[in-house]
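Observations on the model geometry
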Amino acid sequence: MSEYRYQELENWLLQGIQEQRWGLGERLPSIRILCREQKVSKATVLRALHKLEGRGLIEARPKSGYFVTLQPDAVKHPVSRIGIEAPRSVNASDLLHDIMSRSAAFDLLPNLHTGDLPHGITVLNRSIGRSLRRQRGDNYQYYDEPAGNVGLREQLALHHARRGWVTSPDYLCITSGCQHALFLSLMACCKKGDVVAVESPGFYGVLQLLEQLELQVIEVPTSTNTGVDVAALEEVLKRWEVKACIVSPSFATPGGALMPLTSKKRILELAEEHDLAIIEDDIYADTAFGAIPDPLKALDTQNRVILCSSFSKCLSRDLRLGWVSGARWHQRILHLKLVTQLANSRYQQQGVAEYMKDGSYAVHLRRQRNALRERRDHLIAYLHAWPCDLRVSIPEGGLAVWVEMPEHVNTLLAYPEALKQEVVITPGPLFSIKGQFKHCLRISYEHPWNQQRVEALNRLPSILLP
Ligand SMILES: Cc1ncc(COP(=O)(O)O)c(C=O)c1O
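All residue numbers refer to positions counted from 1 along the written sequence of the respective chain. At least 70 in pLDDT is required for a residue's local features to be given in this predicted model, at least 80 for side-chain atom pairs to be given and counted, and no such filter applies to totals for whole chains, interfaces and linings, which use all residues. The side-chain quantities take in all heavy atoms of the structure and omit both hydrogens and water.

What follows covers the packing of helix α2 (residues 31-38) against helix α3 (residues 42-54). For helices, the fitted axis covers only the stretch in contact; all axes are lines through C-alpha atoms, and the angles between them, taken along N-to-C directions, range from 0 to 180 degrees. Helix and strand definitions here come from DSSP, where helices need a minimum of 4 consecutive H or I residues and strands a minimum of 2 consecutive E residues; each element is numbered from the N-terminal end. Packing of α2 against α3 brings their axes to within 9 Å, and their N-to-C directions diverge by 115 degrees. Here α2 is positioned roughly perpendicular relative to α3, judged by the angle of their axes. Like other packed secondary-structure pairs, α2 and α3 cross with a definite hand, here right-handed. Where α2 abuts α3, its residues I31, L34 and C35 lie against K42, V45, L46 and L49. We call Asp, Glu, Lys and Arg charged. Ala, Val, Leu, Ile, Met, Phe, Trp, Tyr, Cys and Pro are nonpolar, and the rest, Gly among them, are polar. Classifying every residue of the contact of α2 with α3 by side-chain character gives six nonpolar, no polar and one charged. Reported orientations rely on four angle classes, namely roughly parallel under 35 degrees, roughly antiparallel over 145, roughly perpendicular from 65 to 115, and oblique for the rest. It is the rotation of the near helix from the far one that decides the hand of a crossing: anticlockwise by less than a right angle makes it left-handed, clockwise makes it right-handed. Any two residues whose heavy atoms approach within 4.5 Å are treated as being in contact.

Quick look at the layout of surface pockets now. Grid spacing is 1 Å over the protein atoms alone, the probe is 1.4 Å, and a cavity is where that probe fits but cannot get out, while a pocket is an open set with protein on both sides within 12 Å along at least five of seven lines and lining residues have an atom within 4 Å of a point. Grid points are joined across faces, edges and corners, and a volume is the space filled by probe spheres set on the points. In this structure, the second largest pocket occupies an estimated 290 Å³ of space. Every residue along the wall of the second largest pocket is listed here: R61, P62, K63, A288, F289, G290, R366, R367, R369, N370 and R373. Here the lining of the second largest pocket gets five residues from one element, more than from any other, and that element is helix α13 (residues 360-384). A breakdown of the residues in the lining of the second largest pocket according to their chemical character gives three nonpolar, two polar and six charged. Where each domain starts and ends follows an automatic or database-derived domain assignment. Shared between two domains, the lining of the second largest pocket takes at least three residues from each, and those domains are domain 1 (2-68) and domain 2 (119-360).

So, about a positive patch on the surface. Among the surface-exposed residues, R126, R130, R133, R134 and R136 lie close enough to one another that they form a single positively charged patch. Looking at where R130 falls in the secondary structure, it is placed in helix α5 (residues 119-133). Only protein chains enter the accessibility calculation, which uses a 1.4 Å probe; a residue whose area is less than 20% of its type maximum is buried, one above 50% is exposed, and one in between is partly exposed. On the accessibility criterion, R130 (37% relative accessible area) is partly exposed. By definition, no residue in a patch forms a salt bridge, and every one has over 30% relative accessible area; like charges are joined within 9 Å, nonpolar side chains (Val, Leu, Ile, Met, Phe, Trp, Tyr) within 5 Å. Areas reported here follow the Shrake-Rupley algorithm with a probe of radius 1.4 Å; residue values treat only the protein chains shown as occluding. Any carboxyl oxygen of Asp or Glu that lies within 4 Å of a side-chain nitrogen of Lys or Arg is treated as forming a salt bridge with it. His is not counted here, nor are the chain ends, while Lys and Arg score as positive and Asp and Glu score as negative. The atoms used to mark charge sites are NZ of Lys, CZ of Arg, CG of Asp and CD of Glu.

Glancing now at the packing of aromatic side chains. For any pair of aromatic rings, the description rests on two quantities: the centre-to-centre distance and the angle between the ring planes. For Phe, Tyr and Trp, where Trp contributes only its six-membered ring, two rings pair if their centres lie within 6.5 Å, and the inter-plane angle classes them as stacked under 30 degrees, edge-to-face over 60, or tilted in between. Taken as a whole and judged by the stated rule, the model has 12 aromatic pairs. Look at Y382 and W449: their rings are 5.8 Å apart centre to centre, the planes differ by 70 degrees, and that puts the pair in the edge-to-face class. Of this pair, Y382 sits in helix α13 while W449 is found in the loop between β16 (440-444) and α15 (451-464), placing the two residues 67 residues apart along the sequence. Overall, W449 belongs to the partly exposed group, its relative accessible area being 28%. Connected via pairs of aromatic rings, a cluster forms that spans F203, Y204, W402, F431 and F437. Over the aromatic face of F106 sits the side chain of R442, whose NZ or CZ is 4.0 Å from the ring centroid. Sitting over a ring, as applied to charges here, requires NZ of Lys or CZ of Arg to be within 6 Å of the ring centre and within 35 degrees of the ring normal.

Once that is clear, we can look at the sheet that holds strand β15 (residues 426-427). A pair of strands is treated as paired once DSSP finds two or more bridges between them. The sheet built from four strands is open, its strands ordered β13-β14-β16-β15 with antiparallel pairing. What marks the edges here is a single partner per strand, and that holds for β13 (391-392) and β15. Pairing of β15 with β16 involves two bridges; the strand directions are antiparallel. From the neighbouring strand, P427 faces β16, where its bridge partner is L441.

This next bit is on the pairing of strand β7 (residues 244-247). On β7, burial covers both faces: A244 and I246 on one face and C245 and V247 on the other are all buried. Direction of pairing for strand β4 (residues 195-200) relative to β7: parallel, over a ladder of three bridges. Among the inter-strand pairings, A197 is bridged to a residue of β7, identified as C245. Bridge analysis of β7 against strand β10 (residues 277-281) gives four bridges, and the strand direction is parallel. In the strand pairing of β10, C245 is matched with I278.

Turning our attention to the domain arrangement of the protein. As far as domains go, the protein holds domain 1 (2-68) and domain 2 (119-360). Each of domain 1 and domain 2 has a C-alpha centre, and the two are 42 Å apart.

The next thing to look at is the packing of helix α7 (residues 177-189) against helix α8 (residues 204-212). The N-to-C vectors of α7 and α8 enclose an angle of 40 degrees; their axes lie 10 Å apart at closest approach. Classified by the angle their axes make, α7 and α8 are oblique. Taken as a pair, α7 and α8 cross one another with a handedness that is right-handed. Along its contact with α7, which presents Q179, L182, F183 and L186, the element α8 presents G205, V206, L209 and L210. Within the contact of α7 with α8, the residues separate by chemical class into six nonpolar, two polar and no charged.

Shown next as structure tokens:
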């Protein structure tokens with residue numbers, strides 16, 4: 001039976017995808033090119049593309065074209081899972097120090113520095129510069145108020161209101177980054193020896209804080225797809241008296257998990273039943289490739305969720321600007337902010353507030369999220385072709401994927417060897433207190449996908465799989 005032209009084109013495109021002429025996450029030829037080269041009308045091309053889109057094989061991205069979809073079954077999801085153990089104190093490793101001293105937490109090649117300054121950052125720098133030039137009189141001699149610049153807090157409140165959480169600027173406190181916000185939160189609701197439940201694998205910065213504050217830790221098994229295992233958390237809460245629980249519902253590091261609404265609701269119920277403080281690390285939310293998820297805080301009717309975030313992941317780490325909304329612990333957090341920092345830089349906050357107010361931040365975010373999505377696609381498609389059996393998370397936001405390699409791989413042992421070859425890897429054990437996940441790595445796609453980074457990735461299999 002003869003086919004319609006659109007069916008012929010659909011089949012031709014399908015064959016190209018199957019033969020990997022266009023790999024996972026890659027862009028198909030534009031509509032214009034397809035019309036010209038296949039000698040068909042625009043309507044025919046669109047019909048063929050819509051058919052493939054309907055089959056879930058490709059997806060349209062605004063102003064970018066059609067891309068081969070990352071089908072969940074094309075890449076295997078990570079499955080490693082920890083068991084539950086009694087609370088223990090933390091002894092965080094020197095490894096993090098080494099990685100941080102190389103500025104390498106989110107790049108295999110931290111010394112590359114070839115990326116041009118994104119336009120959004122140039123605009124930000126101008127805004128901060130203007131605010132600095134506006135400084136008058138002896139303003140520079142005075143501290144800003146402890147809660148932080150009210151203009152910035154107003155902008156942050158508006159920003160959150162667009163994500164389903166309405167708050168007053170009075171319930172926000174500016175901090176020196178999200179790490180500082182997490183520190184203040186833990187100090188406000190826990191005391192030495194208290195037990196805190198954390199995600200595992202989870203953010204190493206939190207483990208460092210718990211160690212310093214001499215808190216006991218229970219690691220709760222966490223999927224790099226759907227976040228903390230709520231049933232396991234429930235089990236933990238039945239067995240031990242837990243004071244606080246730290247979660248990252250939106251694109252948790254290391255794997256970019258997105259917590260479903262049912263888990264969020266259950267966590268809040270558990271918090272009420274067990275009189276828990278929930279510390280929500282929301283730092284990756286604005287990196288969402290699709291709609292930005294509402295924070296857990298938006299559902300918090302009991303005033304138990306302390307929300308922590310910062311500009312580090314979407315705008316600039318160099319700003320060292322974050323914020324915390326402290327729920328029932330807010331006054332204490334304000335006091336602790338004063339004790340630990342006195343105040344933030346006023347001109348810098350004003351510059352960022354102006355940048356948000358005139359819409360520049362929203363424009364930057366849009367560009368940034370599109371770029372991140374493309375880089376994620378490149379990385380996953382690349383890893384798909386690695387010469388070993390891998391499981392890789394497919395995050396819908398965040399800056400990194402979690403890669404599970406065969407069990408015999410030891411990423412800790414590979415770390416110094418990789419350094420010799422000028423590559424800095426982020427080994428899995430960094431994300432747990434007991435050195436688990438030795439066969440796992442976090443690999444970031446934050447930076448531009450280029451020849452040098454591909455070459456660095458090319459060197460990894462022989463280092464990791466000797
Ligand atoms: C989950 C998470 N929370 C907090 C932080 C710390 O962020 P900041 O640079 O704002 O202190 C990081 C940094 O890597 C992170 O990944």
